[in-house]
Every structure is written in C-alpha cells, then in structure tokens.
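In case you want the letters, here they are:
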Amino acid sequence: MTHKLAILPGDGIGPDIVAEARKVLDALAADHGLALELEEAPVGGAAYDDSGHPLPDATLELARAADAVLLGAVGGPQWEALDYSVRPERALLGLRKELGLFANLRPAQVFPELAGASALKPEVVSGIDIMVVRELTGGIYFGEPRGVEELGDGRRRGVNTLVYDSDEIERIAQVAFDIAGKRSGRVCSVDKANVLESTELWREVMEQVSTGYPGVELSHMYVDNAAMQLVREPKQFDVVVTTNMFGDILSDEASMLTGSIGLLPSASLNQEGGGMYEPIHGSAPDIAGTGQANPLATILSVAMMLRYSLDQGELAERVEQAVSRVLADGWRTADIAGAGERVASTGEMGGAVVAALRG
Ligand code: NAD
C-alpha cells in the first residue's frame, strides 16, 4: 500500500528542517520497503508571496487527498503587517478546520543526555515522558457568542463562550484512552469542574468513556493544580487530556520541562486517522538558511506520523531510537550544545540520524 504524503515546508527554517525529514523518509523507503508518494506544496508566507493566499486551494486539496501532512513552520517578520485574513498563521487554522483535526498530541520527553538543559533540576525532569492530548477544535476558542460589543454608555463588553458537546468530549477521551493503552495505562483528565459547568460535563463524559477501557486508570485534576504539579513532580503524569485552552497552556508548560523546543514534535489527528505532523517550534527566521536549525523535532514528527497515520509503529520506534542514538553519541546542533561541545549543522544532524537508522 502506497502512503500519500503532503509535504508543506513553509517559511523560515521550515524548508531546512523538512529537507532532513525527507532524508529519513527516503531512507525508510529504500531500506524498509515503505511505499511513499511525496508531493510538496507552498504554505504560509511562501504561499502568500506565490499566490496571494497562505493556504492556496491547490495546497489544501493536496492535504485533503493525503494520508498525512508533514508541515515545517510558517510565519516571519516580512508578513507581520499583512491583514489577519492572509497572515501565514491563518494557514494552520485553515488546515486544522478543513482537515477536521480535533486531537492535538504533544509529547514531552526528556532525553537522558539533555536533562541538564531544562530550567528544572535534572532529578525532577530526567525520565519524564508525558503525552498531552489537547482538544483542538472546540471550547472557548470557537464557542459562540463571541466578540466585543458596545454597551451604549461608553463601556464595551468582551465575550467568549466555553462550550462542549458530549460527543466532542467523547471522541477526544477515546483518543487519550487509546494512547494510554499503548503506554503506561494512565490518563489524567484536567478540568475546572469546581467552577465551570461545561467542564463538569467534561469530567462526567471522561468517566463514562473510561468504563470501556478497564486497563486504563483515569484520574482527574483541576487545571491550577495541574499547572503546579507539572513543575513540582512531572514524572507522575503519563497521558494528560484536556480542553482546548487548558491544553494550549499546559502543553507549552510541559514542553519547557524538556529544555529544547528544537526536539519536540506534535501531531494533530482527525477522526479518519489522518493527521498533520509538525515540530512545535516556529519558523525561527533568525536562523533560517544558516544551517543552525535543529531538525530533530521534525524528524520525531515523522515518527509520530508513522505511528498514528501510517500504522508503522515499528518504523516509528526505529526513528525514535535513531534520534536517541545520535544524542547519546554526542551529536548536538547549536540550540542543545553545551559549552565546548562540537556543533553539527542541520544537514549533519539529519545525516547522523539516517546513518543511525542504517547502523
Ligand atoms: P520560534 O519557535 O520560531 O523561535 C524561538 C527561538 O527558538 C528562536 O531563537 C529560534 O531561533 C529558536 N528555534 C526555534 N526552532 C528552532 C530549531 N528547530 N532549532 C534551533 N533553534 C530553534 O518562535 P518565534 O521567534 O516566536 O516565532 C517566529 C515565527 O514563527 C513567527 O512568525 C511566528 O508567528 C511563527 N510561529 C509559527 C509556528 C508554526 O508554524 N506552527 C509556531 C510558533 C511560531
């Protein structure tokens, strides 16, 4: 079976890091018979410069027809003055919406060699392996009514609505429980059920769904406590499932435990098992084209793609092990290099991963 992939490099370091991810895909195709059909298209600022829109129809069609999308990053200072409707970041929202990507998966894992890079003590972070599952298409970011209204007496009112239907909660719960079943079997659902009725419903539905997963243990935590526990004792968490806004904040907090955004992948999944895979970092315009970008987050995004959309768990593990190997062997790009350590370029790091895959 041939897997169709849409490759959207985007802006800034996007093309630099996606080129390295493609080397890994090429190696898997050559050595493991992985049948791939790759097609590239512009997105973000590059697409705007090309065609006047950050998500051209042709790019969206390619993404729709693909089994999975690999995205680099979008954005940059040259597009910041554009109208909001054609800003590069609009492409991400468009892709999420059009592809129905309702589940955002953000792993935060600390590689032993890099435990010292975290702002927290190495003994607190070494060994953490957390998967934040964030609901991505509902909640307060999309709820109606919304907006700013004139009250007529010189005052204005800003309104947003936190709304969740039970089926929206059910499907994100199922994603979290399925993933936990393949990990250490624990789900912590984060809400604010003591104050917000919509998350009281969230908690109830989580409980209902959990009855279908006897092998997975469900616990609940209020979001304020979760924010605290993530820095106090992060190793207590396995899978964390939460609403759109809480997930936005907690997944960034969890990523900072690891000390390097150059290493963190992400996946956004839809109901059909398709997904978009991208590093969590931005387009880093300050280092674009200089060979300083760390390609590992993108390469680890390829591993997530193999696992969650292409049903190639074994190859996913090979890629993850290859990344661990190169880090253990001392390969470092500038963002993760300690004083006096040899700094590899983007291309050298990608090449090292391919060599480790083949070694
Ligand atoms: P950023 O993540 O691009 O960069 C923050 C810092 O981290 C910079 O110093 C950068 O050099 C460094 N960095 C990021 N990725 C790196 C990598 N792989 N290797 C080495 N160093 C890396 O965040 P920013 O500077 O706030 O944003 C830059 C642009 O990216 C903006 O236009 C922003 O809107 C956009 N952005 C895009 C996405 C996305 O495409 N998903 C996400 C966040 C920001």
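Notes on the structure follow. (Residues numbered from 1 in each chain as written. Predicted model: local features only at pLDDT ≥ 70, side-chain atom pairs only at ≥ 80, totals over all residues. Heavy atoms only, no water.)

Notes on the overall build of the protein
We count it as follows: By definition, any uninterrupted DSSP run of H or I lasting at least four residues is a helix, any uninterrupted run of E lasting at least two residues is a strand, and each is numbered from the N terminus. The reference for a compact globule is 2.2 Å times residues^0.38; the radius of gyration itself is calculated from the C-alpha atoms. Relative accessibility decides the category of a residue: with a 1.4 Å probe and only protein chains considered, values under 20% of the type maximum give buried, values over 50% give exposed, and everything between is partly exposed. Residue contacts follow a heavy-atom distance rule, with two residues in contact if any of their heavy atoms lie within 4.5 Å. Here the accessible surface of atoms and residues is derived via Shrake-Rupley with a 1.4 Å probe, and residues count as covered only by protein chains that are part of the display. Charge counting follows a simple rule: Lys and Arg are positive, Asp and Glu are negative, and His as well as the terminal groups are ignored. The atoms used to mark charge sites are NZ of Lys, CZ of Arg, CG of Asp and CD of Glu.
Scanning the protein from N- to C-terminus turns up 12 helices and 12 strands. Here the protein has a C-alpha radius of gyration of 20 Å; the compact-globule value for 359 residues is 21 Å, and the two agree. Summarising its shape, the C-alpha atoms of the protein cover approximately 60 × 50 × 45 Å along the three principal directions. Taken across its 359 residues, the protein has 51% of its residues classed as buried. Considering only contacts within the protein whose residues lie at least 6 apart along the sequence, 74% involve residues at least 24 apart. Total accessible area computed for the protein in this model is approximately 15,700 Å², and 49% of it derives from carbon and sulfur atoms. Here the protein carries 29 positive and 53 negative side-chain charges, and the mean point of each set is 3 Å from the other.

Here we look at the packing of helix α1 (residues 14-32) against helix α10 (residues 296-308)
Basically, it comes down to this: Simply put, an axis is a line fit to the C-alpha atoms, just over the touching stretch for a helix, and the angle between two N-to-C directions goes from 0 to 180 degrees. By definition in this entry, angles of less than 35 degrees are roughly parallel, angles greater than 145 are roughly antiparallel, angles of 65 to 115 are roughly perpendicular, and the rest are oblique. By convention the crossing between two helices is left-handed if the near helix lies anticlockwise of the far one by an angle smaller than a right angle, and right-handed if it lies clockwise. Each residue is assigned to one of three groups, with Ala, Val, Leu, Ile, Met, Phe, Trp, Tyr, Cys and Pro labelled nonpolar, Asp, Glu, Lys and Arg labelled charged, and all others, Gly among them, labelled polar.
Contact pair α1 / α10: the axes reach a minimum separation of 8 Å and the direction vectors enclose 45°. Viewed along their axes, α1 and α10 adopt a mutual orientation that is oblique. Crossing of α1 against α10: the hand is right-handed. Here α1 contributes Ile17, Val18, Glu20, Ala21, Val24, Leu25 and Leu28 to the contact with α10, which in turn contributes Thr298, Ile299, Val302 and Leu306. For the contact of α1 with α10, the residue count by class is 9 nonpolar, 1 polar and 1 charged.

A closer look at helix α11 (residues 313-328)
Using the following cut-off: How far a helix is expected to stretch is found by multiplying one less than its residue total by 1.5 Å. What the arc covers is the set of directions going from the helix axis to the C-beta atoms.
Helix length check: α11, at 16 residues, gives a terminal C-alpha distance of 22 Å against a target of 22 Å (1.5 Å per residue), a fit within 8%. Three or more residues of α11 are buried, namely Leu315, Ala316, Val319, Ala322, Val323, Val326 and Leu327. Down the axis of α11, the buried set is contained in an arc of 135°. They therefore lie on one face. Considering only its buried residues, α11 is in contact with α1, α10 and α12 (346-358). In the segment just after α11, Gly330 is the residue with positive phi, at about 95°.

Concerning the sheet that holds strand β3 (residues 68-73)
Selection criterion: One bridge is not enough; two strands pair if DSSP finds at least two bridges between them.
What the 10 strands build is an open sheet, ordered β2-β1-β3-β12-β11-β4-β5-β10-β8-β9; its pairing is mixed. Looking along the sheet, the strands with just one partner apiece sit at the ends: β2 (36-40) and β9 (217-222). Recorded for the sheet is a direction-independent mean angle of 20° between the axes of neighbouring strands. Of the strand pairs in this sheet, strand β8 (residues 186-191) and strand β10 (residues 239-242) are connected by 4 bridges, and their pairing is parallel. Across the sheet, Cys188 pairs through a bridge with Val240, a residue of β10. Where helix α7 (residues 197-210) meets the sheet, its contacts fall on β5 (129-135), β8, β9 and β10, and the angle it forms with β9 comes to roughly 170°.

Some details on the site of the ligand
Condition: A single heavy atom is enough: if one lies within 4 Å of a molecule or strand, its residue is considered near that molecule or strand. Here a polar contact is taken to be a pair of N or O atoms separated by no more than 3.5 Å, where protein atoms must pair a possible hydrogen donor with a possible acceptor and residues adjacent in sequence count only if both atoms sit in side chains.
The immediate surroundings of the ligand are formed by 19 residues, with Val74, Glu89, Gly282, Ala284 and Asn294 found nearest. Here an oxygen atom of the ligand sits 3.0 Å away from a polar atom, N or O, in the main chain of Gly76. Residue Asn294 places a main-chain N or O atom 2.8 Å away from a nitrogen atom belonging to the ligand. In isolation the ligand offers 800 Å² of accessible surface; the protein chains occlude 67% of this area. Per-class residue counts for the shell around the ligand are 9 nonpolar, 6 polar and 4 charged.

Digging into the packing of aromatic side chains
How we decide: Put simply, two rings from Phe, Tyr or Trp (the six-membered ring, in Trp's case) pair if the centres are within 6.5 Å, and we call them stacked under 30 degrees between planes, edge-to-face over 60, tilted for the rest. Should the NZ of a Lys or the CZ of an Arg lie within 6 Å of a ring centre and within 35 degrees of the ring normal, that charge is described as sitting over the ring.
Applying the stated rule across the entire model yields 2 aromatic pairs. For Arg171, the ring lying beneath its charged end belongs to Phe102, and the centroid distance is 4.2 Å.

Comments concerning the pairing of β5
Burial runs high along β5: 6 of the 7 residues are buried. Here strand β4 (residues 103-109) runs beside β5; their pairing, made up of 7 bridges, is antiparallel. The residue bridging Ala103 from the neighbouring strand is Glu135, located in β5. As paired strands, β5 and β10 are joined by 4 bridges and run parallel to one another. Note on β10: the bridge partner recorded for Val133 is Val241.

Note that all results are geometric; they support no functional claim without further evidence.
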